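# Architecture and fold: a report
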Amino acid sequence: MTQLTTPAAATPAAPAARTRPVRRPGRSRRSPARSVLLHGTLILASLIAIGPIAWVLLSSFKPGYAVQSSDLTLVQDPTLANYSYVLSDTNFPKWMLNSVIVAALTMIIGIFFSATTGYAVSRFNFPGRRPLMMVFLVTQMFPVAILIVPIYTIMARLGLINTLPSLVIAYLTIAVPFCAWMLKGYFDSIPTSLDEAAALDGCGPFAIFWRVVLPLARPAIAVTAFYTFLTAWGEVAYASAFIQTDNKFTLAYGLQQFVPQFNPQWEYLTAAAVLVTVPAGLVFLFAQRHLVSGLTAGGTKG
């Protein structure tokens with residue numbers, strides 16, 4: 001006789017555990033007072049930064065009596081006569097051309113010297129490598145006022161006074177040491193295994209630099225281009241020391257003609273200042289676009 005066995009009673013299911021929201025460590029809910037204080041501080045800082053630029057822009061459309069008036073007005077009798085006078089009755093177009101030539105040459109030559117120097121110091125061991133980098137740092141400690149006299153003496157002996165090449169050479173002495181040091185640090189972050197792989201494929205040192213390393217260094221090259229351009233675009237000390245005739249003035253030095261000692265022409269100065277910022281803004285947009293694309297294109301897999 002078979003014994004019937006009753007199935008064991010099913011055990012009741014355990015109650016589902018209650019899920020609790022996980023609080024992220026280090027983040028707390030900001031109180032309304034702190035939020036208002038933070039946003040108010042940011043708005044105030046933005047107004048302080050944008051205020052002078054907006055004042056110059058609005059003043060460039062005002063006539064002379066409105067700019068020099070003690071009454072604070074945003075727009076009063078707007079006119080384009082200031083821009084017409086600057087572009088037609090002064091040597092501003094010639095100053096603009098001189099500045100573009102000097103800044104473009106400084107940027108192109110500065111990128112070449114800085115990139116090749118930074119790559120050589122980063123990849124090769126040669127006698128005097130460390131002292132060379134120390135010299136680059138030491139040159140940044142001297143103010144421009146100290147260097148004007150020796151550089152002026154050199155330019156005078158070379159017969160380059162009152163010429164645009166003298167400004168290009170002077171600006172390179174400022175930009176190249178700093179940019180070479182910066183690019184050296186960026187080249188150090190690029191794996192040397194890429195150089196070795198390219199060497200196995202038959203590339204020489206310059207081919208490795210030009211085809212492999214330089215495309216990966218586009219972010220640093222963009223920053224170098226922007227820095228060298230601005231160094232030459234807004235510099236006044238060397239331009240006032242080396243340039244002597246009106247047709248060789250650069251923009252930064254030529255703007256001083258609108259503010260003589262006894263009769264400052266602020267309306268023309270503000271219009272010229274707005275025009276000066278346009279090329280610099282275009283260079284910044286160009287460098288920014290290549291900086292963002294270069295950051296994504298320069299990544300390597302580990």
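Procedures and definitions
Residues numbered from 1 in each chain as written. Predicted model: local features only at pLDDT ≥ 70, side-chain atom pairs only at ≥ 80, totals over all residues. Heavy atoms only, no water. Helix = DSSP H or I, 4+ residues; strand = E, 2+ residues; numbered from the N terminus. Contact = heavy atoms within 4.5 Å. Core = buried A, V, L, I, M, F, W, Y, C linked by side-chain atoms within 4.5 Å. Buried < 20%, exposed > 50% of the residue type's maximum accessible area, 1.4 Å probe, protein only. Axes fitted to C-alpha atoms, helices over the stretch in contact; angles between N-to-C directions. Parallel < 35°, antiparallel > 145°, perpendicular 65-115°, else oblique. Left-handed = near helix turned anticlockwise from the far one by under 90°. Nonpolar A, V, L, I, M, F, W, Y, C, P; charged D, E, K, R; others polar. Phe/Tyr/Trp six-rings, centres within 6.5 Å; stacked < 30°, edge-to-face > 60°. Salt bridge = Lys/Arg side-chain N within 4 Å of Asp/Glu carboxyl O. Polar contact = N/O pair within 3.5 Å; in protein donor to acceptor, adjacent residues only side chain to side chain. Arc of directions from axis to C-beta.

Attention shifts here to the side chain of Asn 98. Its location among the elements puts Asn 98 in helix α4 (residues 92–123). In this structure, Asn 98 is in contact with Leu 164, Asn 247, Lys 248 and Phe 249, ignoring residues within four places of it in sequence.

Our next topic: the nonpolar core. Counting 40 residues, the largest nonpolar core has Val 86, Phe 92, Leu 167, Trp 233, Tyr 238 and Phe 258 as the members making the most contacts within it. When contributions to this core are tallied by element, the ones reaching two or more residues are α3 (81–88), α4, α6 (144–158), α7 (164–188), α10 (218–233), α11 (237–242), α12 (251–254) and α13 (266–297). Broken down by element, the residue count for this core peaks at nine residues, all from α13. Beyond its immediate stretch of four places on either side in the chain, Val 86 contacts Phe 92, Pro 93, Phe 258, Tyr 268, Ala 271, Ala 272 and Leu 275. Formed by 16 residues, the second largest nonpolar core is a distinct cluster that contains Ile 111, Ala 115, Leu 183 and Leu 214.

With that out of the way, let us pick up the packing of helix α8 (residues 192–200) against helix α9 (residues 205–216). Helix-helix packing is described using two parameters, namely the angle between the two axes and the distance between the axes. With their axes 10 Å apart at the nearest point, α8 and α9 run at an angle of 150° to one another. Classified by the interaxial angle, the pair formed by α8 and α9 is roughly antiparallel. Crossing of α8 over α9 shows right-handed handedness. Residues Leu 194, Asp 195, Ala 198 and Ala 199 of α8 form the contact with α9, whose own contacting residues are Ile 208, Val 212, Val 213 and Leu 216. In terms of residue class, the contact of α8 with α9 is built from seven nonpolar, no polar and one charged.

What follows covers the packing of aromatic side chains. Under the definition given, this model contains 18 aromatic pairs. The interplanar angle of 35° and the centroid separation of 5.6 Å between the aromatic rings of Tyr 238 and Phe 242 together place this pair among those described as tilted. Of the two residues, Tyr 238 and Phe 242 are both situated in helix α11; the distance of four residues between them amounts to about one turn of the helix. In this structure, Tyr 238 and Phe 242 share a single accessibility class: buried.

Turning to the environment of Pro 219, a few remarks are in order. Structurally, the position occupied by Pro 219 is in helix α10. Taking C-alpha positions, Pro 219 is 9.2 Å from Tyr 186, a pair spaced 33 residues apart along the chain.

On to the pattern of salt bridges, then. Applying the stated criterion across every chain, the model contains two salt bridges. With a shortest N-O distance of 2.9 Å, Asp 195 and Arg 123 are connected by a salt bridge. Taken together, the residues Asp 195 in helix α8 and Arg 123 in helix α4 connect sequence positions 72 residues apart. Taken as a pair, Asp 195 and Arg 123 share a single burial class, namely buried. A salt bridge links Lys 184 to Asp 188; its shortest N-O distance comes to 3.0 Å. Here the residue Lys 184 and the residue Asp 188 both occupy positions in helix α7, the gap between them amounting to four residues, near one helical turn. Accessibility expressed as a relative area gives 39% for Asp 188, which makes it partly exposed.

A few words now on the packing of α4 against α7. The geometry of α4 relative to α7 is characterised by a closest axis approach of 6 Å and an angle of 35° between their N-to-C directions. For α4 against α7, the interelement crossing comes out right-handed. In terms of residue class, the contact of α4 with α7 is made up of 18 nonpolar, seven polar and three charged.

With that settled, consider the environment of Ala 198. When you line up the elements, Ala 198 lands in helix α8. Placed 13 residues apart in sequence, Ala 198 and Arg 211 show a C-alpha to C-alpha distance of 9.1 Å.

On to the environment of Ile 109, then. Its place among the elements puts Ile 109 in helix α4. Note on Ile 109: relative accessible area 31%, which makes it partly exposed. Considering only alpha carbons, one finds Ile 109 and Ile 169, 60 residues apart in sequence, at a separation of 9.7 Å. Excluding residues within four positions of it along the chain, Ile 109 makes contact with Val 168 and Leu 172.

You will see that Asn 162, though not glycine, has its phi angle at about 65°, which is positive. Its place among the elements puts Asn 162 in the loop between α6 and α7. We classify Asn 162 as buried; its relative accessible area is 15%.

The next thing to look at is the side chain of Ser 99. Tracing the sequence through the fold places Ser 99 in helix α4. A polar contact is formed between the side chain of Ser 99 and the backbone nitrogen of Leu 251, at a distance of 2.7 Å. Excluding anything up to four places from it in sequence, Ser 99 contacts Trp 233, Thr 250 and Leu 251.

This next bit is on α3. Among all positions of α3, only Asn 82, Tyr 83 and Val 86 are buried. Axial view of α3: buried residues confined to an arc of 95°, hence all on one face.

Spatial relationships are all this shows, so hold off on functional conclusions.
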